[in-house]
Amino acid sequence: MTQLRVLILLMISFFNIAKSVGQENEQGDLGNLALDQSITYGKLKNGLTYYIKPTENESSKIYMRLYLKAGFDKQDGDQLDIAHMLEHLAFRNGIRDDEQLLNQLGMTRKDQFANTSFKYTEYSFDIPNTNPKGLDTGFQFFKDIAVHTDMSSKAIDSERGAIKEEIYYRNGDNLPQFYLETKLDSYLFPSIHDYSEVIAHYNSFDAEVVRRYYRDWYRPELMAVVVAGAITQPEKIEEKLKEFFKSLKNEKGNRELLDKDSLFFKSKPNFKSIQKQPSTQEFVIEKSELTLFYRDSITYHNLGNYLGLSRLQYWGMLQQILNHRIQEALQVYNPKYQAVISYSENEMYPMGLHLKLSILNNYEQEALQQVIGIIKNLKQNGIEEDEYKKIMNSLMPPSRASVNKDDFYWIKEIRRHFVANEALPEEKEKFLTENLKKTSLSDFNSFIHRNLKLYPDDLGIISTAKIDSLTLKKWIETSPVPKRKERWAKKDIECLKIEVNSNQKSVPIDYRYDKKLKVGEYTLANGIKVIIDHQQVQDDVTRLHGFTGYGAASFSPKNYYSAINSPDIINNSGIACLNKFELKDYLSTTSLWKLPQPYISYQESGIKAVSETKDLELMLKLTSLYFTQVNKDKEAYKDWKFLQLQKFSNPPFSLGSASLKDTIRNLTGDFTKNPIGRQRYQGIFKTDFDNAYDIYNKLFSNAKRFTFLITGLQDISKNLALINKYLGSIPTEEKLHFQNVRNLIESTSLTQGEPVIFPQNDNQNNRTSLVVSFLMPNKYSVSSNQIFHLETQLELLARIIKAKITELRYKKGFPLYDYATVGKFNEAMNRFEFEIQVNSQDSKIKELRKELDFILKNISEDLSEDIFHQEKKRIIQGIDFKQEFLNEREKKLYNYYRYQKPLISIQQHKNYLTDLKLEDFLKDMTNFIEQNSKMEFIFL
């Protein structure tokens, strides 16, 4: 009966859609659809909504969410980022730092988090379904958010600094660009604020503006509680939920909800030009940022019915096609712009097609006209049969059986239903599947023709040049319609053919099986050593890692950057008969969408690749070609250079923090990792085209120097012939005569005393990075378990110290957000390392130094048995989680064959942690801290 009802509904819906699409229904008078009956749904008298959805996932977890239908969009003019502040304050009601309760519930800190979006705020509480107390605790957390969030001036003031740190952390050196983009968006769209003065705002806003937001919007009628996952008795959860939340009252206020998007769709088109000053910062490449927005009010007004769902599906297809067409046009070396195309689904921007172009100065007209020309072509000519089939296959909805096992699918769908009023009908996946099948190429091209406009509704530009709306309009109107770029005709596979030596043996010349490691050790006729992991795996993923102990250190220091940059230059040029664009296209339908990655560091060279079993031969063939047939292309080199310069221009990370890591490694003698900060940028100009290729060819010329590690291989006996065919064909010509320089690297001796101070020179004023570091040269035998023991203890110490730093934020009010602790054994340097890094305001660094010093000196007195055992348990849980990933096995085998580090089994690791006693841990860690000089680095 249920299937018959669904079938009838679908037939009616298709009739209505066909009728309504032609009419371009603006007001959504088709009516909203009933909710999927597999979801227990209701609304309490106080207005609070609830959804309970059992799934068939085997994870044994229950995912709890509290959604508030208010985010940045509900902020008044004096409430910049206050929705975010409220999220922080409300989150304090949780148990994230109650170690004892987390342990009792079987949860970790990661099981509780929060997020502020433009139209909603989300609080999460994920629990194991085996602990009935978890549900009560989660409900109480959500209830406390609604009625017990601390709104005192003290609580509000304590979060100001932490949120400023988060803003710095999330935007890195891109903060000035972030300010400009929010300024432009604030002119074009409702609900988006200009963040140019957000830091000053946090320094000065009155606490009452936070309380007003809480009173206005944190009320039951705007809230939804969601419970999804491994649920066996939804009716009992519903009963408990009703009892928990029925006492909530709408006492805070009754402020009217404005539909700002409806007002936006009725408003006149917007245009804004922001003329910015040329940057005086280092590394900046000047660009113009152009925003084009095409409003879609029809979908917005029909989100609750089948027409809206159908249009969302079509817009998703059109967005992908437009993006593909534009990226096709950009498949040239040294492109003049970059483009991001998205369809906004009403969670940040209003509904519509959103194009953002980042254009090199002086190329604004060329870039805009190329994009508009592509849009004109699509509108006039539609898409072709091959494109249509490809997009249909790629966007085919999942089956009901698969979504029933996907907890996060339901969480997202329920959120969209509550926040955006998007339809979630019975068997939505079936409707979407049938809708695609019934849509012909002609139907879809008609949709494109009707809905794709040439001139955007809203248009904005940020540029050092003064460009007005009339100029942009003229460029758009005069945009030529280009012929679609000829698709690259896939070249004959013969061009990738590997020449196999006629004398090459069909099997390895030597073989040994290591029972302890469960690996086979093979020697091929050309001298390459191949290690094949025999451990059984479930995933169909094969990993290859070839490496040798020779790298940039084998050459003159002046050629260092030519050496470490050469693999990237080569990847940008392609191999054999294919440039990088052709190679990417050739591999687009394979599991090798991520190309094999050759690399060169100070004392190592190698190559890494990943593929599924079906593409094993192709992976091996490409690996061989990276040794024998790399392309040398001057234009590709210029393109690589420019791409690198762009990477360091307004990067979405802190260049100062990256440079900090480089500086500390240099000071402590660790050159084993390539620089990532300002040193790397300066190295672009020290990279010579010819030298880069010469060094690469010399390092990769002799196969005998390489060991290849292969993990996850299925049917080893069958695939051994392929390995021998391709890896065994790599030549063994020696083009380089040198000695291994690994032993020439020595640590710099830094004595304890005053901190080393450096200028950071980034855009984040009044912020300082503090790093506290301990180094201990390895005094143990390479085969000793003492290395593993001390490394494990340092990992445990790092977790304990990080928990102590978290207490500085929540209990003492320090402005902290970005902080980290690391305890490890550095195999390349053969030393133990422990490091603390905190980023905070200049005025707080002196106090933080004292606090960290106190924590380290008093670890023996302050560490309780409970905390000690809880952190041990978390590491053990992490070990169980990591063992599911094949790359963990590959890392261990690599360290064994590269550095002779003993391979410790998962059970050995867990047993050692389980047996480790608090007194032994404190004795060893106290000795480590006291016997090794503490080094401090301050980056202002």
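Residues numbered from 1 in each chain as written. Predicted model: local features only at pLDDT ≥ 70, side-chain atom pairs only at ≥ 80, totals over all residues. Heavy atoms only, no water.

The protein carries the name Peptidase M16 in an unreviewed UniProt entry, which gives Mesonia mobilis as its organism.

**Student:** Describe in detail the overall build of the protein, supporting the description with residues and values.
**Tutor:** Within the protein, the secondary structure is distributed over 34 helices and 23 strands. Whereas a compact globule of 940 residues would reach a radius of gyration of roughly 30 Å, the protein reaches 30 Å, a difference of no more than 12%. Overall, the C-alpha framework of the protein stretches about 80 × 70 × 65 Å when taken along its three principal axes. For the protein, the proportion of its 940 residues judged to be buried stands at 57%. A separation of at least 24 residues holds for 81% of the contacts in the protein among residues at least 6 apart in sequence. Carbon and sulfur atoms provide 49% of the accessible area of the protein, an area that totals close to 41900 Å². Each charge class in the protein can be summarised by its mean position, and for the 128 positive and 124 negative side chains these summaries are 1 Å apart. (Helix = DSSP H or I, 4+ residues; strand = E, 2+ residues; numbered from the N terminus. Rg over C-alpha atoms; globule rule 2.2 N^0.38 Å. Buried < 20%, exposed > 50% of the residue type's maximum accessible area, 1.4 Å probe, protein only. Contact = heavy atoms within 4.5 Å. Areas by Shrake-Rupley, 256 points an atom, 1.4 Å probe, with all protein chains shown as cover. Lys, Arg positive; Asp, Glu negative; His and termini not counted. Charge placed at Lys NZ, Arg CZ, Asp CG, Glu CD.)

**Student:** Requested: an account of the layout of surface pockets, with residues and values cited.
**Tutor:** Empty space among the atoms becomes visible once a probe the size of a water molecule is rolled across them. A volume near 1600 Å³ is recorded for the second largest pocket. As for the second largest pocket, its lining consists of 44 residues, of which Gln-327, Gln-331, Phe-581, Lys-584 and Asp-585 are closest to the centre. Sorting the residues of the lining of the second largest pocket by element identifies helix H12 (306–329), strand S9 (337–344), strand S10 (352–360), helix H14 (385–394), helix H20 (560–571), helix H21 (580–587) and helix H23 (634–647) as the ones contributing at least two each. Per element, the largest residue contribution to the lining of the second largest pocket is six residues, and it comes from H12. (1 Å grid on protein atoms, 1.4 Å probe; cavity = no way out; pocket = protein on both sides within 12 Å on 5 of 7 lines; lining within 4 Å. Points joined across faces, edges and corners; volume = space filled by probe spheres on them.)

**Student:** Explain the nonpolar core to me, using residue names and the numbers behind them.
**Tutor:** Grouped together as the largest cluster of nonpolar side chains are 121 residues, with contacts concentrated most on Phe-139, Phe-142, Val-210, Phe-245 and Phe-444. If one sorts the elements of this core by residue count, H12 sits on top with nine residues. Not counting residues up to four positions away in its chain, the partners in contact with Phe-444 are Tyr-314, Met-317, Leu-318, Ile-321, Ile-383, Tyr-388 and Thr-439. Of all hydrophobic cores here, the second largest spans 63 residues; its members include Met-619, Leu-622, Phe-648 and Leu-713. (Core = buried A, V, L, I, M, F, W, Y, C linked by side-chain atoms within 4.5 Å.)

**Student:** Could you give me a rundown of the confidence of the model for the protein, with the residues and numbers involved?
**Tutor:** Overall, the prediction assigns the protein a mean pLDDT of 88, with 90% of residues at 70 or greater. For residues 1–16, every residue scores under 50 in pLDDT, and the model assigns this stretch 15 contacts once sequence neighbours within four places are set aside. The model gives residues 739–749 a pLDDT under 50, and that stretch makes 22 contacts with residues more than four places away or in other chains. (pLDDT = per-residue confidence, 0-100.)

**Student:** Let's hear about the packing of aromatic side chains: which residues, and what values?
**Tutor:** Applying the stated criterion across every chain yields a total of 55 aromatic pairs. Residues Tyr-896 and Tyr-897 carry aromatic rings whose centres are separated by 4.9 Å and whose planes lie at 85° to one another, so their mutual orientation is edge-to-face. Of the residues examined, Tyr-897 reaches a relative accessible area of 15% and is grouped as buried. Between Lys-336 and the ring centre of Tyr-363, over which it is positioned, the NZ or CZ distance is 5.3 Å. (Phe/Tyr/Trp six-rings, centres within 6.5 Å; stacked < 30°, edge-to-face > 60°. Lys NZ or Arg CZ within 6 Å of the ring centre and 35° of its normal.)

**Student:** Explain the packing of H12 against H14 to me, and be specific about the residues and the numbers.
**Tutor:** For any two helices packed against each other, the geometry is given by the interaxial angle and the distance between the axes. Between H12 and H14, the shortest axis-to-axis distance is 11 Å and the interhelical angle comes to 125°. Between H12 and H14, the angle falls in the class oblique. Remark: the crossing between H12 and H14 carries right-handed chirality. Side by side, H12 and H14 meet where Met-317, Gln-320, Ile-321 and Arg-325 of the first sit next to Glu-387, Ile-391, Met-392 and Ser-394 of the second. Taken together, the residues of the contact of H12 with H14 break down into four nonpolar, two polar and two charged. (Axes fitted to C-alpha atoms, helices over the stretch in contact; angles between N-to-C directions. Parallel < 35°, antiparallel > 145°, perpendicular 65-115°, else oblique. Left-handed = near helix turned anticlockwise from the far one by under 90°. Nonpolar A, V, L, I, M, F, W, Y, C, P; charged D, E, K, R; others polar.)

**Student:** Just give me the short version of the sheet that holds strand S21 (residues 819–826), but keep the residues and values in it.
**Tutor:** Here we have five strands laid out as an open sheet, ordered S19-S23-S20-S22-S21, and mixed in their pairing. The open sheet terminates on both sides in strands that have one partner only, identified here as strand S19 (756–758) and S21. Taking each pair of neighbouring strands and ignoring which way they run, the sheet shows an average axis angle of 15°. Where S19 lies against strand S23 (residues 934–939), three bridges are found, and the strand directions are parallel. Directly across from Phe-758, in S23, lies its bridge partner Phe-939. Helix H28 (residues 786–812) rests against strand S20 (767–777), S21 and strand S22 (831–841) of the sheet, and its axis sits at about 175° to S21. (Pairing = 2+ DSSP bridges.)

**Student:** Describe empty space enclosed by the protein, and please don't skip the residues or the numbers.
**Tutor:** Under the criterion given, the structure shown has two cavities of 30 Å³ or more. What the largest cavity holds in volume is close to 60 Å³. Lining the largest cavity, in full, are Leu-102, Asn-103, Gly-106, Met-107, Gln-870, Lys-873, Arg-874 and Gln-877. For the lining of the largest cavity, the elements supplying multiple residues, two or more each, are helix H3 (99–105) and helix H31 (865–882). For the lining of the largest cavity, the per-class residue count stands at two nonpolar, four polar and two charged. Of the volumes computed, that of the second largest cavity is approximately 40 Å³. Considering the residues around the second largest cavity, the lining is formed by Ser-784, Asn-785, Ile-787, Phe-788, Lys-901, Pro-902 and Ile-904.

**Student:** Residues and numbers for a negative patch on the surface, please.
**Tutor:** A cluster of acidic residues, Glu-865, Asp-866, Glu-919, Asp-920 and Asp-924, forms a negative patch at the surface. For the negative patch, the secondary structure elements donating two or more residues are H31 and helix H34 (918–931). Considering each element in turn, the negative patch owes the most residues, three residues, to H34. Summarising the element assignment, Glu-865 is placed in helix H31. (Patch = residues over 30% accessible without salt bridge, like charges linked within 9 Å, V, L, I, M, F, W, Y side chains within 5 Å. Salt bridge = Lys/Arg side-chain N within 4 Å of Asp/Glu carboxyl O.)

**Student:** Account for H34, naming residues and giving values.
**Tutor:** Residues separated by three or four positions in an α-helix point in the same direction, a consequence of the helix having 3.6 residues per turn. Compared with the 20 Å implied by 1.5 Å per residue over 14 residues, the 20 Å span of H34 between its first and last C-alpha is a close match. Buried within H34 we find Leu-918, Phe-921, Leu-922, Met-925, Thr-926, Phe-928 and Ile-929. The buried residues of H34 occupy an angular sector of 160° when the element is viewed end-on, so they sit on one face. Structural note: H34 exposes Lys-923, Glu-930 and Gln-931 on the side pointing more than 90 degrees away from its buried face. (Expected span 1.5 Å × (residues − 1). Arc of directions from axis to C-beta.)

**Student:** Summarise the pattern of salt bridges; cite the residues concerned and give the values.
**Tutor:** Counted under the stated rule, the structure contains 56 salt bridges. Lys-934 is the partner of Asp-853 in a salt bridge, and the nearest nitrogen-oxygen pair spans 2.9 Å. On the criterion of sequence distance, the pair formed by Asp-853 in helix H29 (residues 845–857) and Lys-934 in strand S23 is long-range, its members being 81 residues apart. Taking relative accessible area as the criterion, Asp-853 reaches 22% and is therefore assigned partly exposed. Put simply, Asp-76, Asp-78, Arg-212, Asp-216 and Arg-255 are held in one network by salt bridges that share partners.

**Student:** Mind laying out the sheet that holds strand S7 (residues 271–275), listing which residues take part and the relevant values?
**Tutor:** Taken together, five strands build an open sheet; the order of strands is S7-S11-S8-S10-S9 and the sheet is mixed. On the outer flanks of this sheet lie S7 and S9, each paired with one strand and no other. Looking at each pair of strands side by side, their axes are set apart by 10° on average, direction ignored. With eight bridges connecting them, S9 and S10 associate as antiparallel partners. Paired with Tyr-337 across the bridge in S10 is Ile-359.

**Student:** Run through the side chain of Arg-705, naming residues and quoting values.
**Tutor:** For Arg-705, the position within the fold is in the loop between helix H26 (689–699) and strand S18 (707–711). Here Arg-705 falls in the buried class, since its relative accessible area comes to 14%. Of the polar contacts made by the side chain of Arg-705, one reaches the backbone oxygen of Lys-698; its length is 2.8 Å. Engagement of the side chain of Arg-705 in a polar contact is seen with the backbone oxygen of Leu-699, the distance being 2.8 Å. (Polar contact = N/O pair within 3.5 Å; in protein donor to acceptor, adjacent residues only side chain to side chain.)

**Student:** Requested: an account of the packing of H28 against H34, with residues and values cited.
**Tutor:** Closest axis-to-axis distance for the H28/H34 pair is 11 Å, and the angle between their directions is 85°. Here H28 is positioned roughly perpendicular relative to H34, judged by the angle of their axes. Two secondary-structure elements touch here, H28 through Leu-790, Gln-793, Leu-794, Leu-796, Leu-797 and Ile-800 and H34 through Asp-920, Phe-921, Asp-924, Met-925, Phe-928 and Ile-929.

**Student:** Tell me what's going on with unusual backbone geometry, and back it up with residues and numbers.
**Tutor:** Not every positive phi belongs to a glycine, and Ser-191 is a case in point at roughly 75°. By the element assignment, Ser-191 lies in the loop between helix H6 (175–188) and helix H7 (198–204). For Ser-191, a relative accessible area of 12% gives the class buried. We note that Gln-900 has phi near 60°; this positive angle belongs to a residue other than glycine. Of note, Gln-900 is situated in the loop between helix H32 (886–899) and helix H33 (906–915). The exposure class assigned to Gln-900 is partly exposed, which follows from its relative accessible area of 41%.

**Student:** How would you sum up the environment of Pro-567? Please name residues and give values.
**Tutor:** Counting through the fold element by element, Pro-567 comes out in helix H20. A relative accessible area of 2% places Pro-567 in the buried class. In sequence terms Pro-567 and Ser-649 are 82 residues apart; their C-alpha atoms lie 22 Å from each other. Leaving out residues up to four positions away in the same chain, Pro-567 has contacts with Pro-598, Tyr-599, Ile-600 and Tyr-696.

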